Amino acid sequence: MKSLIGVLKDIISQAVSASIPISEPAVVTSAAAKFNMDFVSPIALTIFNKQKSSGCFGIKNAKDLATLIHSNIQSNPIVNQVEIATNGFLNIYINHEFIAGQITDLARGNFTLDIGLVKSKILVDFSSPNIAKEMHVGHLRSTIIGDAICRCLEFLGHDVARVNHLGDWGTQFGMLLCYLADKYPNWETSAPDISNLEEFYKAAKKEFDVNPEFKERARLRVVDLQSGEESAMKAWRYIFKVSREYLQIVYDRLDIKIEDFGESFYNPMLKGIRDELVERGFAVESEGALIFNVEGHSTPLMVQKTDGGYGYDSTDLAAVKHRLVTLGMQRAIYVTDSGQSTHFYALFDAAKTVGWHNPPSTRLDHAGFGVVLGPDGKKFKTREGGTVKLINLLNEAHDRAKAQLEKREQDPSIGNRTHLTPQDFEIAAEVLGMAAIKYFDLKQNRISTYAFSFDKMLDPKGNTAVYLIYAYARICSILEKLGEEVISESLSSTCILADKTEKNLALCICRLPDVLETVVDELALNKLCDLLYEISTKFSEFYTKCRVIGSAEQSSRIQLCIATKIVMKKIFNLLGIEPIEKI
Ligand code: ARG
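These figures come from a predicted structure and were not determined experimentally. (Residues numbered from 1 in each chain as written. Predicted model: local features only at pLDDT ≥ 70, side-chain atom pairs only at ≥ 80, totals over all residues. Heavy atoms only, no water.)

What follows concerns the overall build of the chain. When helices and strands are counted, the chain shows 21 helices and 14 strands. Counting the 583 residues in the chain, one finds 53% classified as buried. Across the chain, every contact between residues at least 6 apart in sequence was considered, and the portion connecting residues at least 24 apart equals 73%. For the chain, the accessible area works out to roughly 26600 Å², and carbon and sulfur atoms hold 51% of it. Of the charged side chains in the chain, 66 are positive and 73 negative, and the gap between their average positions amounts to 3 Å. (Helix = DSSP H or I, 4+ residues; strand = E, 2+ residues; numbered from the N terminus. Buried < 20%, exposed > 50% of the residue type's maximum accessible area, 1.4 Å probe, protein only. Contact = heavy atoms within 4.5 Å. Areas by Shrake-Rupley, 256 points an atom, 1.4 Å probe, with all protein chains shown as cover. Lys, Arg positive; Asp, Glu negative; His and termini not counted. Charge placed at Lys NZ, Arg CZ, Asp CG, Glu CD.)

This is how it looks when you write it as structure tokens:
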């Protein structure tokens, strides 16, 4: 598949260079659905406005410039026609045969991207919950968004490192280690049940707050841990293991692959970073601490605390250097709530000041996101006011999806449907439940806050994963009815897009490469969700209007159905969803 916008930009840019003695990168966008043309370019207008004060090479107005550019457009297989609008816009019509050829390619199974992309090394820092604390809905968002970003980058052919920057180090471990030793002196021989680490953490914190003797011991234990003292490390590994096992359950349910490079990984590098920053004059003393005043940022980064310890900022300084300099990453994307943007912007500018980060050869992004609220629009809490356990949330999604499937099973208006075995039923409930949570999150504008609502995310009629999976299963069943033989016969013929609904659907499918490029540039997964939804509505319009089975156009239409199925499945996968074919 080619990037249509990419190809059109090249064609227009060449025509510009052939028309006037300057080069200007062409802007081409998809036309709004209410218009007839497929793409538009405001290039003549842009150039004319820029050059008007210096006479614009003797050209009188934008329309004349558009006419000149138009006359220099080389004939090519993609563009059918370009017209000049009165305002100087170029209206572009795509060649139906070209689009139809792409559909045939897809239907025949040639699903490759031909978009001339340079492969880069990209690191995505996502999920990153804190050990011994409950993973909260914010971490769920980071997990879902981060995983989808990785999937898109991987599909585009980049070399992606999926990194879990776990909060597995720091002063809180002093109190956790002391509490473990006090409460379960035999923890090494008989493993205590501390699987509810949230409780364990709270109890340790309580002791820390009320007992000065405990507090002092906890402080000393941190020193042990930082110096790598064996018994402290052993206890730390134990708490890490219990906590990590719980996280894995959540990751498995959500089908998340991620590699741990938690804060502890950077611990051995912290002193070196501190020394480097002091030596080079970036870290300065302030009230007993060492801080990095980053130009343009009111809050400095804390390089070393007054008590000599290192914190979140120090670790991130070490991590950013490790990523860009040691690992040679060309781009690093940090997925956390927007509340941390001040920290990341200061960090990125600090990395630039020091010389680790050299844009445009390196790129750092903070993919910040809005808060997830409860269904009532207030802070997301359990009825008792506690943190919502993620595992309970996933279980509830599963149960509610199952109840919905049962309702559907009994719905007489849905005729001719496959009845699922109890085992398939469970699988379908899990797929729908997890997909509902993921899609509801990903379709939001990343930075907006949203209210978590099972009712909304499981609505079979809205823009939800449930609706889309049903639509996908319907296409699968159409193809199944046709049978292998008819399908393979249809693949040998040329695809002709005669009806407007066919062409609209085909063009929508062909937008995938362009949308993907925008998605990974802007880290806006909602645009991929929008495309999926649009493909599915365009398919309905096509299927309502055009008969497939037994029509004269059967072969072309079968190809269109297969291409829709393949592209929808691909987008589901990029969003972290494995759709089911029979439901
Ligand atoms: N553990 C942090 C939190 O829970 C997120 C870490 C994000 N990554 C980073 N490199 N700082 O908020």
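Within the secondary structure layout, serine 555 lies in helix 21 (residues 554–574). Sequence separation between serine 555 and phenylalanine 214 is 341 residues; the distance between their C-alpha atoms is 77 Å. With residues near it in sequence (within four places) discarded, serine 555 still touches Ser490 and Ser493.

Right, let's get into the sheet that holds strand 8 (residues 283–286). Taken in spatial order, the three strands of this open sheet run 8-9-10, and their pairing is antiparallel. Edge positions in the open sheet fall to strand 8 and strand 10 (301–304), since each of these has one partner strand only. Across the sheet, the mean angle separating the axes of adjacent strands is 45° when strand polarity is ignored. The pairing of strand 9 (residues 289–292) with strand 10 spans three bridges and is classified as antiparallel. Along strand 10, the bridge assignment pairs leucine 290 with glutamine 304. Docked against the sheet, helix 13 (residues 341–354) engages strand 9 and strand 10, running at close to 65° with respect to strand 10. (Pairing = 2+ DSSP bridges. Axes fitted to C-alpha atoms, helices over the stretch in contact; angles between N-to-C directions.)

In the numbering adopted here, UniProt assigns the feature "domain: Arginyl tRNA synthetase N-terminal" (unreviewed entry) to residues 6–94. Measuring from the first to the last C-alpha atom of residues 6–94 gives 13 Å, for a span that is 37% helix and 18% strand. (UniProt positions renumbered as here; feature names shortened; annotations may be inferred.)

Moving on, we come to the confidence of the model for the chain. When the pLDDT values of the chain are averaged, the result is 94; 99% of them are 70 or greater. Reported for the predicted complex are a pTM of 0.94 and an ipTM of 0.99. (pLDDT = per-residue confidence, 0-100.)

Turning next to the environment of threonine 494. In this fold, threonine 494 is placed in the loop between helix 17 (465–491) and helix 18 (500–510). Measuring from C-alpha to C-alpha, the distance between threonine 494 and glutamine 423 comes to 41 Å, with 71 residues separating the pair along the chain.

Reading across the sheet, the five strands line up as 7-6-5-11-12 and stay open at both edges, with parallel pairing between neighbours. Of all the strands in the sheet, the pair left with one neighbour each is strand 7 (259–260) and strand 12 (363–369). Relative to strand 12, strand 11 (residues 331–337) runs parallel, the two being bridged by seven bridges. Paired with threonine 336 across the strands is glycine 368, a residue of strand 12.

This part takes up the domain arrangement of the chain. What the domain assignment lists for the chain is domain 1 (4–94), domain 2 (172–256) and domain 3 (390–574). For domain 2 and domain 3, the distance between their C-alpha centroids amounts to 45 Å. Facing five residues of domain 2, the contacting portion of domain 3 comprises eight residues. Note on domain 2 versus domain 3: buried area summed over both sides is about 670 Å², and carbon and sulfur give 59% of it. Our count for the contact surface shared by domain 2 and domain 3 stands at one salt bridge. (Domains from an automatic or database assignment. Buried area = accessible area lost by both parts, 1.4 Å probe. Salt bridge = Lys/Arg side-chain N within 4 Å of Asp/Glu carboxyl O.)

This part is about the site of the ligand. As a structural note, the neighbourhood of the ligand is formed by Asp125, Ser128, Asn130, His139, His165, Tyr312, Asp316, Tyr334, Thr336, Gln340 and Phe344. The side chain of tyrosine 312 places a nitrogen or oxygen atom 2.8 Å from a nitrogen atom of the ligand. Within the side chain of glutamine 340, a nitrogen or oxygen atom sits 2.9 Å from an oxygen atom of the ligand. Coverage of the ligand by the protein amounts to 90% of the 350 Å² it exposes when considered alone. Taken together, the residues of the shell around the ligand break down into three nonpolar, six polar and two charged. (Near = heavy atom within 4 Å. Polar contact = N/O pair within 3.5 Å; in protein donor to acceptor, adjacent residues only side chain to side chain. Nonpolar A, V, L, I, M, F, W, Y, C, P; charged D, E, K, R; others polar.)

Here we come to helix 11 (residues 270–279). Of the positions making up helix 11, those classed as buried are Leu270, Ile273, Glu276 and Leu277. Take helix 11 and look down its axis: the buried residues cluster within an arc of 130°, on one side only. Residues of helix 11 that are exposed and point more than 90 degrees away from the buried face comprise Lys271 and Glu279. Those residues of helix 11 that are buried are in contact with helix 10 (263–266), strand 8, strand 9, strand 10, helix 12 (312–326) and helix 13. Positive phi shows up at glycine 281, right after helix 11, with a value of about 80°. (Arc of directions from axis to C-beta.)

Moving on, we get to the pairing of strand 5 (residues 121–125). Counting buried positions over the five residues of strand 5 gives four, a clear majority of the element. As paired elements, strand 5 and strand 6 (residues 159–164) share five bridges and run parallel to each other. Paired with aspartate 125 across the two strands is valine 163, which belongs to strand 6. In this view, the connection linking strand 5 to its parallel neighbour strand 6 by way of helix 5 (residues 137–155) has right-handed handedness. (Right-handed = clockwise from strand over helix to strand, strands pointing away.)

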